[in-house]
Amino acid sequence: MKIDVLLGLQWGDEGKGKVVDVLTSGYDIIARFQGGPNAGHSLSFGDTKHVLHSIPSGVFHDGVTNVIGNGVVLDPIVFKKEIEALEKIGINPYERIKISTKTHLILPTHRMLDAASEAAKGKQKIGSTLRGIGPAYMDKTGRNGLRVGDIGLSTFQSKYQQLRKKHTDLLRMYAIDSPTIEEDGWWESIEFLKKFDWIDSAYFLQQHQDKKILAEGAQGTLLDIEFGSYPFVTSSHTVSSGACTGLGVPPTSINKVFGITKAYCTRVGSGPFPTELLDKTGEALQKAGNEFGATTGRPRRCGWLDLVALKYALMINGVSELIVTKLDVLSGFDTIKIATAYKIDGKVSEEFPYSIDQEIEPIYEEFAGWKEDISKVQRYEDLPEAARAYISFITKHTQVPVSIISTGPDRNQVIHVNQELTPIN
Ligand code: GDP
Ligand code: IMO
Ligand code: MG
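Residues numbered from 1 in each chain as written. Chains lettered and ligands numbered in written order. Predicted model: local features only at pLDDT ≥ 70, side-chain atom pairs only at ≥ 80, totals over all residues. Heavy atoms only, no water.

Caption draft 1: The arrangement of the packing of helix 3 (residues 108-121) against helix 5 (residues 156-173) in detail. Direction vectors running N to C along helix 3 and helix 5 enclose 15°, while the axes themselves pass 10 Å from each other. With respect to their mutual orientation, helix 3 and helix 5 come out roughly parallel. Here the hand of the crossing between helix 3 and helix 5 comes out left-handed. In this structure, helix 3 contributes Pro108, Thr109, His110, Met112, Leu113 and Ala116 to the contact, and helix 5 contributes Tyr160, Arg164, His167, Leu170 and Leu171. (Axes fitted to C-alpha atoms, helices over the stretch in contact; angles between N-to-C directions. Helix = DSSP H or I, 4+ residues; strand = E, 2+ residues; numbered from the N terminus. Parallel < 35°, antiparallel > 145°, perpendicular 65-115°, else oblique. Left-handed = near helix turned anticlockwise from the far one by under 90°. Contact = heavy atoms within 4.5 Å.)

Caption draft 2: How the structure looks around helix 2 (residues 76-88). End to end, helix 2 covers 18 Å across 13 residues, agreeing with the expected 18 Å (1.5 Å per residue, within 8%). The backbone nitrogen of Ile77 has a side-chain oxygen 2.9 Å away, supplied by the residue at the start of helix 2, namely Asp75. Residue Gly90 follows helix 2 closely and has a positive phi angle near 85°. (Expected span 1.5 Å × (residues − 1). Polar contact = N/O pair within 3.5 Å; in protein donor to acceptor, adjacent residues only side chain to side chain.)

Caption draft 3: Examining unusual backbone geometry more closely. Residue Pro231 is reached from Tyr230 by a cis peptide bond, and omega for that bond is 5°. The phi angle at Lys326 is positive, at roughly 60°, despite the residue not being glycine. As for its position among the elements, Lys326 is in the loop between strand 15 (321-325) and strand 16 (335-344). Its identity as a non-glycine residue notwithstanding, Asp345 has a phi of 50°, on the positive side. Tracing the backbone shows Asp345 in the loop between strand 16 and strand 17 (347-349). A relative accessible area of 75% places Asp345 in the exposed class. (Buried < 20%, exposed > 50% of the residue type's maximum accessible area, 1.4 Å probe, protein only.)

Caption draft 4: View of the site of ligand 2. Surrounding ligand 2, one finds 21 residues, the nearest of these being Asp13, Lys16, His41, Thr129 and Thr234. Between an oxygen atom of ligand 2 and a main-chain N or O atom of Gln219, the distance comes to 2.8 Å. Within the backbone of Val268, an N or O atom sits 3.0 Å from an oxygen atom of ligand 2. For ligand 2, whose free accessible area comes to 550 Å², the fraction covered by protein is 97%. Taken together, the residues of the shell around ligand 2 break down into eight nonpolar, ten polar and three charged. (Near = heavy atom within 4 Å. Areas by Shrake-Rupley, 256 points an atom, 1.4 Å probe, with all protein chains shown as cover. Nonpolar A, V, L, I, M, F, W, Y, C, P; charged D, E, K, R; others polar.)

Structure (structure tokens):
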């Protein structure tokens, strides 16, 4: 069995949805391995712009199976809405989507706990998407969670009530005395899940090992629970090894690892961000990149590309091919910067430190910008020389080849790079 993995190398929103959609023509199965409705993966083609939260990004392609893996946390209410939105635009999702029986469920009370925990943190809040992600993964690792497969059991009602009670007790600890629980649509959406094939993703993928499989990540490496900017992270394993535990596939099955980075950096929610630009340039990036969250609509913080963080992410994930998105957004800047090292307490280092929640002065390399609109460029050779110099610097500095450059939200706005043109040496 050979599985390729695609994941984000920054703080999420690198353009994973778009790139999975571009790559799907080469795959039979797209399998999401972690995260939940905190994700917002945008896909654009023709006049359609669609945002997916829990559904894998291969769903718009005929004949492709989309697997929701055991590492995902699924909110049945959000899932039902997503399915209905797909049906409205003429997609029949029932044949295309398979759900792992081991996928954990997000309960309405998980969402309430998420909000209560954030409110209690005050200024230290994570800036969670409030989709119940943290509490759902806490119940999973605390061995209290409910899984999709439980729905079929006669004990499901009572297990649900037991967990719900635990949550209302916890809410009381947060001084929420008699919580009104927003359960609208819960039981209906639980019934709705029965319309789909439930699988054991480990067996399913093993049985389809002759097929071409792509594992789709959510969030990004710097939001990983182990390796991200803890505690300002999400609660799952967003890195390539997460594909093994989130789908039930062995490490020896992992083939290519596609790592996606924006040509600059963004972050939504709280937490440290060494190359953040709190000035006019940051505002210009936000405007040009239309940097507003696909799930919450919050403005995304913007800054220059951070090669210290990027190289760390490439190392953790074992990335074999780098994909650079949103290069078009940099058109029109007089100069562009890339951070190549951090200065901390007077010491310069290229290593990503234990914590970035401290005084860090990024050391920048400056590049000439370009004025041309590159959103229709289809060949690497046709990019302005300054844009090629920028990509070439990234390749040489990271020692990882760039295989795709994205120049706009549409699935056609893509440059497949001949690797002879971007040598790593
Ligand atoms: P994801 O979470 O990684 O799938 O990324 P999001 O969909 O949350 O955010 C990426 C945003 O950038 C979406 O609005 C995409 O439509 C858009 N996008 C993706 N690639 C490009 C690109 O190359 N250029 C521009 N201008 N927009 C892009
Ligand atoms: P995609 O898949 C960007 C951020 C939140 C918050 C932190 C924890 O679209 O790239 P959580 O709701 O998981 O408890 O929030 O992580 N975050 C994301 N940021 N893209 C995402 O997903 C994100 N999912 C979570 O903003 O800072
Ligand atoms: Mg997103």
